Amino acid sequence: MHYSIQRIKEAKENMEKSYSFKGSEAIISPALVYYRDLLRSNLEKAIETAHGAAHLWPHVKSHKISHIIRMSMEYGIRRFKCATIAEAEMVASCGAEHIVLAYPLVGPNIKRFIKLSEAFPDTHFYAIGDCLDMLSRLGEAAQSSSLGNVDVLVDVNMGMDRTGVPLSELVSFCDSCASIDGITLKGLHCYDGHRTEHDYHDRKAQSDHVDRELKPLLKSICKNHPTCSLVIIGGSPSFPCHADFILTDGEETKNAEVYYSPGTVFVYDYGYSKKFPDLPYIPAAAILTRVISNPGRGIFSLDLGYKGVAADPEGIRGQLLGVEHCEEMFQSEEHWTFRMQPGYEDTCPKVGEEFFVIPTHICPTSALYPSVTVVENGEIVDEWEVTARNRKITY
C-alpha cells in the first residue's frame, strides 16, 4: 500500500494542532504522553500495508508497554519481536503465541533465554544467531534443560553490516547450523535498518535488488532444510517495499511463511516523519513541557533536557510545536534553551506556558519514562507502565 504524499502531509499538519488535552495543568513535566486513538490508527495502517495482521511480526522496542501488546493482539497480531529478554518476558506475559528475541545471545543471556522459554511453555520462542560457536553453546544449554531443543532463525546481513551472516555465506552457514545438536533451524531474520532512502521508489528499488539475491538462496536452503520456512523481513521504512515478497514460485518454498517487521511506525516520531514522507503514520506520542525561565530578551528555557528526550541522533532532538521563528541554542541534562529570531523577541513564550515536543527518536525516549499518560479524544483516560523499561524483570 503506497499512500499519497500530499494526503499524508495534510493529515500530519492537522494532527500537530491537537496534542493538547484537558487536565494537562495537573501533569508534572516533562511527561511522555501517548495518544490511544492515534496508536490504533497507526496499527490499522500497518495491518493494511502488510495485507493483514497475520503477516506482521512487529518489534516492541519503541514502546516496551504491555497495554500496546494487548491492543495489537486485539487486532489479530500474534507474533512479536523483542530486543531484550525483559521485553520478551513482557510479551509472553500478555499471552503472545510467537516471540523472536532479535538480539544475539551471549554470556548469561543464553541461560536467561532458556529459563524464560521454560517459564512460558505456551509461547513459541525463537533465538537468532550468526555465530556457530554461540549457537553450539545455546544448543548445549537447551539439551541440559527441560526444553531439549531451541528454535533458531539465522540472522542475515542484508547490507547493514551490524550483525548477521553475509548473503555470500548464507547457504553454507545454514548447512553448518543444521548439524548443531539442541537447535532446529526454522528460518531467516532479515532486518535492513540501513534502508533509509528518502524517496520511496529509491528505497523500493534497493530493497528489490537485495530480495532478488535472497530468494534463490532461500530456495536452496529450504530444499536442503525443510524446517527452515520462516522469513522475518524489513523494518519500519522498508517493510512496505517487501510487501510483495512472495515465495510460491517453486516446490521448495511452498511452505515458506513471510512476515514483515516494523516497529517505530506504531508510535512513530519526528525523525521518521521528516525522513520518510511516504509513510502514512502520525506521531502518537508527545512530550508535555513547560517554560521555566526567560533568562534574556527573546530567550526561553524548557524543562526538557536530554534526560527527558533521546539524545540521538545528532541534530534537533524533537519538534517543538506551537512556537514559530525560534532556534535552538543548546540543551543540557534538565534544560532546553531557545532564542527567538531577530524581530520576534516580543513573541517569546513566557514562564509557565505549556508546549508539546514530538521526539525525533521515540524508542530511547520511551525508555526514559517509568510510565506514560494516555490521552484519547482530548482527555486523559489512563496511565500505562513502561513495562520493559529495565533490562530485567524476572529472568
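This write-up is about the structure you can find in this document. (Residues numbered from 1 in each chain as written. Predicted model: local features only at pLDDT ≥ 70, side-chain atom pairs only at ≥ 80, totals over all residues. Heavy atoms only, no water.)

Notes on the overall build of the chain
- Tallying secondary structure elements over the chain gives 10 helices and 17 strands in all.
- Computed over the C-alpha atoms, the radius of gyration of the chain is 23 Å, within 12% of the 21 Å expected from 2.2 N^0.38 for a compact globule of 395 residues.
- The burial tally for the chain puts 54% of its 395 residues in the buried class.
- Across the chain, the fraction of contacts at a sequence separation of at least 24, relative to all contacts at a separation of at least 6, is 73%.
- Total accessible area computed for the chain in this model is approximately 17,000 Å², and 49% of it derives from carbon and sulfur atoms.
- Averaged over its 39 positive side-chain charges, the chain has a centre that lies 1 Å from the centre of its 53 negative ones. (Helix = DSSP H or I, 4+ residues; strand = E, 2+ residues; numbered from the N terminus. Rg over C-alpha atoms; globule rule 2.2 N^0.38 Å. Buried < 20%, exposed > 50% of the residue type's maximum accessible area, 1.4 Å probe, protein only. Contact = heavy atoms within 4.5 Å. Areas by Shrake-Rupley, 256 points an atom, 1.4 Å probe, with all protein chains shown as cover. Lys, Arg positive; Asp, Glu negative; His and termini not counted. Charge placed at Lys NZ, Arg CZ, Asp CG, Glu CD.)

Thoughts on the nonpolar core
- Ranked by internal contacts, the top residues of the largest apolar core, which has 117 residues, are Tyr-34, Leu-138, Leu-170 and Leu-188.
- Counting residues in hydrophobic clusters, the runner-up holds 9 residues, among them Tyr-126, Ile-128, Ile-232 and Tyr-259. (Core = buried A, V, L, I, M, F, W, Y, C linked by side-chain atoms within 4.5 Å.)

So, the packing of helix α7 (residues 170-177) against helix α8 (residues 200-224)
- In the contact formed by α7 and α8, the axes pass within 10 Å of each other and the chain directions differ by 25 degrees. In terms of axis orientation, α7 runs roughly parallel to α8. Crossing hand, α7 versus α8: right-handed. Each of Leu-170, Val-171, Cys-174 and Asp-175 in α7 lies in contact with α8, whose residues at this interface are Leu-214, Leu-217, Ser-220, Ile-221 and Asn-224.
- Across the contact of α7 with α8, the residue classes tally to 6 nonpolar, 2 polar and 1 charged. (Axes fitted to C-alpha atoms, helices over the stretch in contact; angles between N-to-C directions. Parallel < 35°, antiparallel > 145°, perpendicular 65-115°, else oblique. Left-handed = near helix turned anticlockwise from the far one by under 90°. Nonpolar A, V, L, I, M, F, W, Y, C, P; charged D, E, K, R; others polar.)

Quick word on the packing of aromatic side chains
- Scanning the entire structure with this criterion turns up 11 aromatic pairs.
- Measuring from ring centre to ring centre gives 5.0 Å for Tyr-19 and Tyr-35, while their planes differ by 75 degrees; the resulting arrangement is edge-to-face. Placement of Tyr-19 in the loop between α1 (5-15) and β1 (31-35) and of Tyr-35 in strand β1 is noted, with a sequence separation of 16 residues between them.
- Residue classification places Tyr-35 among the buried positions, given a relative accessible area of 3%.
- Each residue in the set Tyr-268, Tyr-272, Phe-276 and Tyr-281 is aromatic and connected to the rest through ring pairs, giving one cluster.
- One residue, Lys-215, lies across the ring of Phe-245, its end atom 5.0 Å from the ring centre. (Phe/Tyr/Trp six-rings, centres within 6.5 Å; stacked < 30°, edge-to-face > 60°. Lys NZ or Arg CZ within 6 Å of the ring centre and 35° of its normal.)

Focus: the environment of Val-323
- Counting through the fold element by element, Val-323 comes out in the loop between β12 (318-321) and β13 (326-331).
- For Val-323, a relative accessible area of 14% puts it in the buried group.
- Once residues lying within four places of it in the same chain are set aside, the contact partners of Val-323 are Phe-300, Met-340, Pro-349 and Phe-355.

Comments concerning the pattern of salt bridges
- Inspection of the entire model under this criterion finds 16 salt bridges.
- In this structure, Glu-74 engages Arg-40 in a salt bridge whose closest nitrogen and oxygen atoms are separated by 3.7 Å. With a gap of 34 residues between them, Glu-74 in helix α3 (residues 66-74) and Arg-40 in helix α2 (residues 36-49) connect regions that are remote in the sequence.
- Relative accessible area serves as the criterion here: at 59%, Glu-74 is assigned to the exposed category.
- Residue classification places Arg-40 among the partly exposed positions, given a relative accessible area of 27%.
- When the shortest N-O distance is used, the salt bridge between Asp-133 and Arg-137 registers 3.1 Å. Of this pair, Asp-133 and Arg-137 both sit in helix α6 (residues 132-143), 4 residues apart, which is roughly one turn of that helix. (Salt bridge = Lys/Arg side-chain N within 4 Å of Asp/Glu carboxyl O.)

Topic: unusual backbone geometry
- The residue after Ser-29, namely Pro-30, is reached through a cis peptide bond having omega 0 degrees.
- Among the structural elements, Pro-30 can be located in the loop between α1 and β1.
- Between Asp-312 and the following residue, Pro-313, the backbone shows a cis peptide bond with an omega angle of -5 degrees.
- Along the chain, Pro-313 falls in the loop between β11 (299-302) and β12.
- Phi at Asp-161 takes a positive value of approximately 60 degrees, unusual for a residue other than glycine.

Observations regarding the environment of Gly-76
- With respect to the helices, strands and loops of the structure, Gly-76 is situated in the loop between α3 and β2 (79-82).
- For Gly-76, a relative accessible area of 29% translates into the label partly exposed.
- Along the chain, Gly-76 and Thr-387 lie 311 residues apart, while their C-alpha atoms are 21 Å from each other.

As for the environment of Met-340
- Among the secondary structure elements, Met-340 is positioned in strand β14 (residues 336-340).
- In this structure, the C-alpha to C-alpha distance between Met-340 and Tyr-306, residues 34 residues apart in sequence, is 21 Å.
- Every residue in contact with Met-340, bar those within four places of it in the chain, is listed here: Gly-298, Phe-300, Val-323, Glu-324, His-325, Cys-326, Glu-345, Thr-347, Cys-348 and Pro-349.

Some words on α2
- With 14 residues, α2 should cover 20 Å at 1.5 Å per step; its first-to-last C-alpha distance of 20 Å lies within 8% of that length.
- Residues of α2 that are buried include every one of Leu-38, Leu-39, Asn-42, Leu-43, Lys-45, Ala-46, Ile-47 and Thr-49, and no others.
- At the exit of α2 stands His-51, carrying a positive phi of roughly 65 degrees. (Expected span 1.5 Å × (residues − 1).)

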